[in-house]
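Read off the chains here:
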Amino acid sequence: MTKLNKIIVGFFILIAPVASLVAQNKKTEIKENPGIAIDTTKQIHWVQGKELDFEDSVRKLKKPAFLYIYINGWTDVAKFNDNVLADSNIIKYVNNNFMAYKVDMEYDSPNAIKFMIDKVPAIILFDKDAKEKANLQGYYNAAAFKKFLQQGLK
């Protein structure tokens, strides 16, 4: 590889993450403000964006955060989605108390390493300064999960 080729490749390696963040910020603005009212009693209001954007948003908005890490198609994830995240009490509690964000591990695997995820579903709670407060991995029923959320706010 010639010196010029190395410089060009190096430039693209350096610029790609910045371009990705800029593009993602544009997507986030569109998805967060679609002009349609969301009924927060029937579904969790998920914030769109990359994990990095998420931590910045937490710090900026000064609101505790709920990070849901999952892999589509896994039995425990499907059960958690159907039995826990669809529960109206959980939906209301999450929407009232947290900024909610989800990460599909198939497309964002570095978070498995960053947050030491062994099982999915995994839920990580952050305080208003984006510091990790609590971590729950695996399937839990709605009652146990709500207790976890309540303790995470203390």
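Before any of the text, the structure's been laid out above.
Residues numbered from 1 in each chain as written. Predicted model: local features only at pLDDT ≥ 70, side-chain atom pairs only at ≥ 80, totals over all residues. Heavy atoms only, no water.

K.L.:
Explain the side chain of Glu 55 to me, and be specific about the residues and the numbers.
P.N.:
Mapped onto the secondary structure, Glu 55 falls in helix 2 (residues 51-61). Here the side chain of Glu 55 touches Lys 114 through a polar contact of 3.0 Å, side chain to side chain. Contacts of Glu 55, omitting those with residues within four sequence positions, involve Lys 114, Phe 115 and Ala 130. (Helix = DSSP H or I, 4+ residues; strand = E, 2+ residues; numbered from the N terminus. Polar contact = N/O pair within 3.5 Å; in protein donor to acceptor, adjacent residues only side chain to side chain. Contact = heavy atoms within 4.5 Å.)

K.L.:
How would you explain the pattern of salt bridges if you had to name every residue and give the values?
P.N.:
The tally for this structure, following the rule as stated, stands at 4 salt bridges. Linking Glu 55 and Arg 59 is a salt bridge whose minimum nitrogen-to-oxygen distance equals 3.9 Å. Within this pair, Glu 55 and its partner Arg 59 are both found in helix 2, separated by 4 residues, close to a single helical turn. For Glu 55, a relative accessible area of 11% puts it in the buried group. Here Asp 129 makes a salt bridge to Lys 62, at a shortest N to O gap of 2.6 Å. (Salt bridge = Lys/Arg side-chain N within 4 Å of Asp/Glu carboxyl O. Buried < 20%, exposed > 50% of the residue type's maximum accessible area, 1.4 Å probe, protein only.)

K.L.:
Would you mind going over helix 4 (residues 88-97) in detail, with residue names and values included?
P.N.:
If you check which residues of helix 4 are buried, you get Ile 90, Ile 91, Tyr 93, Val 94 and Asn 95. Elements in contact with the buried residues of helix 4: strand 2 (65-70), strand 3 (99-104) and helix 6 (142-152).

K.L.:
Would you mind going over the packing of aromatic side chains in detail, with residue names and values included?
P.N.:
Scanning the model with the defined rule gives 11 aromatic pairs in all. Centre to centre, the rings of Phe 66 and Phe 145 are 6.0 Å apart; their planes meet at 80°, and the pair counts as edge-to-face. In this pair, Phe 66 is assigned in strand 2 and Phe 145 in helix 6, connecting sequence segments 79 residues apart. Judged by relative accessible area, Phe 145 falls into the buried class, the value being 0%. Arranged with centres 5.8 Å apart and planes meeting at 75°, the rings of Phe 115 and Phe 126 form a pair that is edge-to-face. Placement of Phe 115 in the loop between helix 5 (110-114) and strand 4 (122-126) and of Phe 126 in strand 4 is noted, with a sequence separation of 11 residues between them. Of the two residues examined, Phe 115 and Phe 126, each falls in the buried class. The rings of Trp 46, Phe 66, Tyr 68, Tyr 70, Phe 80, Tyr 93, Phe 98, Tyr 139, Phe 145 and Phe 148 are connected pair by pair, giving a single aromatic cluster. Of note, Lys 79 hangs over the ring of Tyr 139, and the distance from its end group to the ring centre comes to 4.5 Å. (Phe/Tyr/Trp six-rings, centres within 6.5 Å; stacked < 30°, edge-to-face > 60°. Lys NZ or Arg CZ within 6 Å of the ring centre and 35° of its normal.)

Functional significance is not addressed by these values, which are geometric in nature.
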